[in-house]
Structure formats: structure tokens, C-alpha cells
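Each chain, letter by letter, is given below.
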Amino acid sequence: MTDEVPGGELRMRSGMPGVLVGGRCALPIAGWKKHIGLSPVPVLHDSVEAGIAPYRSKTDAVVFPHTGPVPYGLIRRVTAVALELRANRAEDSGGRGVAG
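Residues numbered from 1 in each chain as written. Predicted model: local features only at pLDDT ≥ 70, side-chain atom pairs only at ≥ 80, totals over all residues. Heavy atoms only, no water.

1. What about the overall build of the chain?
For the chain, the count of helices and strands is two helices and five strands. Taken across its 100 residues, the chain has 32% of its residues classed as buried. Look at the contacts in the chain between residues 6 or more apart in sequence, and 39% of them connect residues 24 or more apart. (Helix = DSSP H or I, 4+ residues; strand = E, 2+ residues; numbered from the N terminus. Buried < 20%, exposed > 50% of the residue type's maximum accessible area, 1.4 Å probe, protein only. Contact = heavy atoms within 4.5 Å.)

Right, dumping it as C-alpha cells:
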């Protein structure tokens, strides 16, 4: 995942693993008994949303069950696009950053 994030690093923050950018958790990751979850994942471009539709939960999470193969390519794509959207929102807010 960090390969998709310039300057990103995989670290623990507040007891949760996540991709950190500039010392802030940009995309939390959770490993659960039945799935791997990324949350929060904003609504992404249509082409990416089509790929994650089967994994999108009722909340803002994307859930990958352990019962199937892990779609690593899709996870890399979601990571890159989600963090790009967050960076764009941070720029739009005058560099104050975006909570989340």
C-alpha cells in the first residue's frame, strides 16, 4: 500500500494500523476475524467504485472477506485514489488538511 503513497509509511496510530502521510493517518486499515477493512474510504471515481462495489459496506468502509482471494491490485488502486482525493481536498481547504 505504501508504494502507492509518495512519502507514506505504514504505522500504528491510536492502536490502529494505517498509512501515514506527514505524520497523519490518511487511511486506516483493520484486520478482523472475518475480513480486512479500509475505512473511511470516500466515494471514488466511477471506474474505481465499480470495482469496489461488491466490497463496499453500508458505512464508508470497504471490506475484503477472508473467504476469497485478496484483491491486492484493487486495494492499491483504492489507496492511491482515496489519498489523491484527500490531498486535493487539503489543497482546496488552504493547506489546513482534512480530518479523517
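So, next bit.
2. As for the pattern of salt bridges
Side chains carrying opposite charge are able to pair once their charged atoms draw close together. Enumeration over the complete set of coordinates arrives at two salt bridges. Note that glutamate 49 is salt-bridged to arginine 56, the shortest N-O span being 2.5 Å. Assessed through its relative accessible area of 17%, glutamate 49 is described here as buried. (Salt bridge = Lys/Arg side-chain N within 4 Å of Asp/Glu carboxyl O.)

3. Points about unusual backbone geometry
Across the junction of serine 39 and proline 40, the peptide omega takes the value -5 degrees, indicating a cis bond. One can find proline 40 in the loop between β4 (35-38) and α1 (46-52).

4. A closer look at the packing of aromatic side chains
Across all of its chains, the model carries one aromatic pair by this definition. Between tyrosine 55 and phenylalanine 64, the aromatic rings sit 4.8 Å apart at their centres with planes inclined by 45 degrees, giving tilted as the arrangement. Look at tyrosine 55 and you get partly exposed, because its relative accessible area is 23%. (Phe/Tyr/Trp six-rings, centres within 6.5 Å; stacked < 30°, edge-to-face > 60°.)

5. Notes on the environment of histidine 66
By the element assignment, histidine 66 lies in the loop between β5 (62-65) and α2 (72-92). Its relative accessible area of 45% is what places histidine 66 among the partly exposed residues. Once the C-alpha coordinates of histidine 66 and lysine 33 are considered, the two residues, 33 residues apart in sequence, prove to be 8.3 Å apart. Beyond its immediate chain neighbours, meaning those up to four positions away, histidine 66 contacts Trp32, Lys33, Lys34, His35 and Ile36. Among the polar contacts listed, one links the side chain of histidine 66 to the backbone nitrogen of histidine 35, at a separation of 3.4 Å. (Polar contact = N/O pair within 3.5 Å; in protein donor to acceptor, adjacent residues only side chain to side chain.)

6. Some details on the pairing of β4
With three bridges connecting them, strand β3 (residues 24-31) and β4 associate as antiparallel partners. Following the sheet pairing, alanine 30 is matched in β4 by glycine 37. The turn linking β3 back onto β4 is made up of three residues. Pairing between β4 and β5: four bridges, direction antiparallel. What sits directly across from glycine 37, in β5, is valine 63. (Pairing = 2+ DSSP bridges.)

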